[in-house]
Amino acid sequence: MTRFGAAEENTSGQRLAVVVGTGRCGSTALSDVLRIHPHVLSLSELFASLTPFPFPAGTMSGEDFIQFLNTPRPFATSVMRHGFWPKVSEEIRQTSEMPILGAISVMVLPHLTDDPQRLFGDMRSELSKRRASPIADHYRALFECLGRRFGTRVAVERSGFSLHLVPHIRKLFPDVRFAHLYRNGPDTSLSMSRHPVFQVLRVLREHAEHSGHDLSVEIDETFRHGEVDVRPILQAEVPVSAFGRMWSETIIEGLGYLADVPKSQQSSFAFEDILDRPETELTRLAEFLGIDPFPEWLKAGRAELDATRRGAAQDLPAQELADLQASCEPGMRALADGSLSRECRRE
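Calculation notes
Residues numbered from 1 in each chain as written. Predicted model: local features only at pLDDT ≥ 70, side-chain atom pairs only at ≥ 80, totals over all residues. Heavy atoms only, no water. Helix = DSSP H or I, 4+ residues; strand = E, 2+ residues; numbered from the N terminus. Expected span 1.5 Å × (residues − 1). Contact = heavy atoms within 4.5 Å. Pairing = 2+ DSSP bridges. Axes fitted to C-alpha atoms, helices over the stretch in contact; angles between N-to-C directions. Buried < 20%, exposed > 50% of the residue type's maximum accessible area, 1.4 Å probe, protein only. Phe/Tyr/Trp six-rings, centres within 6.5 Å; stacked < 30°, edge-to-face > 60°. Salt bridge = Lys/Arg side-chain N within 4 Å of Asp/Glu carboxyl O.

Observations regarding helix α7 (residues 116-127)
Phase 1: An ideal rise of 1.5 Å per residue puts 16 Å on twelve residues; α7 measures up with 16 Å between its terminal C-alpha atoms.
Phase 2: Turning to α7, the residues buried within the fold contact α3 (62-70), α6 (103-106) and α8 (135-150).

Shown next, in the form of structure tokens:
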């Protein structure tokens, strides 16, 4: 991985920022852009990897924290087994078993290094020695450990489907900054409808609503005894408008949470604006994070972005598109009450 600019010894600790969104809104691409900045510790899907409870109450020892990070999550392994593993080559599937990785080794560490096993070993050597502490202290120690390793100034966590985590993150990290990334509702919803994680999450959200449970509790109860065969969910024919409703509900709920965050600690970014004006928007993001918008980084960031990633919903049949637009309208209206980009308004 090439970083543009000069890494430096960290002497003041890692500040924390979190990119929040509905998921399927361009945040993975943004993580890739942030990863190549020399002063950014880009943590992709850290909190999502630890679903359903990334913020357990009480205290735990350093060794317990390492086990917490390394324990595979049955929600993730279920979706991988039935949603992603069948899509790898037949040759691989016939000659090997699906790997069951520790939670942090699925996406977080491979995003940082080509040798995640070695990085995990180094983390374990340092963090396992910590005394019993609240989870926030362990997370900060993790950020510091990785920050020293990579010479960064600010840790930027980014998880898909993370708006519901805003109040929990604020409680643990009062000084955190939130970058809210959003994307055109119909395009986001269509992408959700084609992604195994969101296909399963939609059903779990419905079950949670009917049972009166929090979504995290619903996930915990569903996967309490291990992996679940989610193929019936993945194979079901569901109108894309159902994902539009989930998108709208997630946006409205998330904006409610962000309304309680001080203005100085949050900023919003439309993915379409980043595609249209990458240098301008990435500079704005860098200033919000407190990092330098190096020209080399801006150029490399622009190269990471695919400007064609928009408008897919317009190819739907007319009635299906109309239903999708109607289901997204509440969320689009809620965003329009804020600073919705001109391009994002287009349906």
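Notes on the sheet that holds strand β6 (residues 177-182)
Phase 1: Reading across the sheet, the five strands line up as β2-β5-β1-β6-β7 and stay open at both edges, with parallel pairing between neighbours. One side of each edge strand has no neighbouring strand; the edge strands of this open sheet are β2 (40-44) and β7 (266-270). Here the average twist between neighbouring strands, direction ignored, is 20°.
Phase 2: Relative to β7, β6 is paired through five bridges, and the arrangement is parallel. Across the sheet, Leu-181 pairs through a bridge with Phe-269, a residue of β7.
Phase 3: Where helix α1 (residues 27-35) meets the sheet, its contacts fall on β1 (15-20), β2, β5 (154-158) and β6, and the angle it forms with β2 comes to roughly 150°.

Regarding the environment of Pro-196
Phase 1: Here Pro-196 lies in helix α11 (residues 196-211).
Phase 2: By relative accessible area, which is 4% here, Pro-196 ends up buried.
Phase 3: Expressed as a C-alpha distance, the spacing of Pro-196 and Gln-235, which sit 39 residues apart in the sequence, is 9.9 Å.
Phase 4: Sequence-distant contacts of Pro-196, that is, excluding residues within four places in its chain, are made with Val-79, Gly-83, Phe-84, Lys-87 and Leu-234.

Considering the packing of aromatic side chains
Phase 1: Inspection of the entire model under this criterion finds ten aromatic pairs.
Phase 2: Ring geometry for Phe-65 against Phe-68: centres 6.3 Å apart, planes inclined by 25°, an arrangement best described as stacked. Linking Phe-65 with Phe-68, this pair stays in helix α3, spanning three residues, or about one helical turn.
Phase 3: With a relative accessible area of 0%, Phe-65 lands in the buried category.
Phase 4: Aromatic side chains Phe-161 and Phe-198 sit 6.0 Å apart centroid to centroid with 80° between the ring planes, which places their arrangement in the edge-to-face category.

Here's the deal with the environment of Gly-26
Phase 1: Mapped onto the secondary structure, Gly-26 falls in the loop between β1 and α1.
Phase 2: It is 7.7 Å that separates the C-alpha atoms of Gly-26 and Leu-181, two residues lying 155 residues apart in sequence.
Phase 3: With residues up to four places along the chain from it excluded, the contact list for Gly-26 reads Leu-181, Phe-271 and Arg-309.

Remarks on the pairing of β5
Phase 1: Within β5, five of the five residues are buried, leaving the element largely enclosed by the surrounding structure.
Phase 2: Going residue by residue along β5, you find Val-154, Val-156 and Arg-158 tucked away on one face and Ala-155 and Glu-157 tucked away on the opposite face as well.
Phase 3: Inspection of the sheet shows β1 paired to β5 by five bridges, in the parallel sense. Paired with Val-18 across the two strands is Glu-157, which belongs to β5.
Phase 4: Note that β2 and β5 share five bridges and pair parallel. Directly across from Leu-43, in β5, lies its bridge partner Glu-157.

A closer look at the pattern of salt bridges
Phase 1: On inspection of all chains with the given rule, the structure shows 17 salt bridges.
Phase 2: Its salt-bridge partner being Arg-124, residue Glu-63 comes within 2.5 Å of it at the nearest N-O pair. Highlighted residues: Glu-63 in helix α3 and Arg-124 in helix α7, separated in sequence by 61 residues.
Phase 3: Overall, Glu-63 belongs to the partly exposed group, its relative accessible area being 29%.
Phase 4: One salt bridge in this structure joins Glu-279 and Arg-302, with 2.9 Å as the shortest N-O distance. Of the two residues, Glu-279 sits in helix α16 (residues 278-289) while Arg-302 sits in helix α17 (residues 295-304), which places them 23 residues apart along the sequence.
Phase 5: With a relative accessible area of 46%, Arg-302 lands in the partly exposed category.

Examining unusual backbone geometry
Phase 1: Going from Thr-51 to Pro-52, the amide bond is cis rather than trans, its omega being 15°.
Phase 2: With respect to the secondary-structure elements, Pro-52 resides in the loop between α2 (46-49) and β3 (59-60).
Phase 3: The backbone phi angle of Arg-24 is positive, close to 55°, even though this residue is not glycine.
Phase 4: By secondary structure assignment, the location of Arg-24 is in the loop between β1 and α1.
Phase 5: Arg-24 gets classed as partly exposed once you look at its relative accessible area, which sits at 29%.
Phase 6: Phi is positive for Phe-161, which is not a glycine, with a value near 55°.

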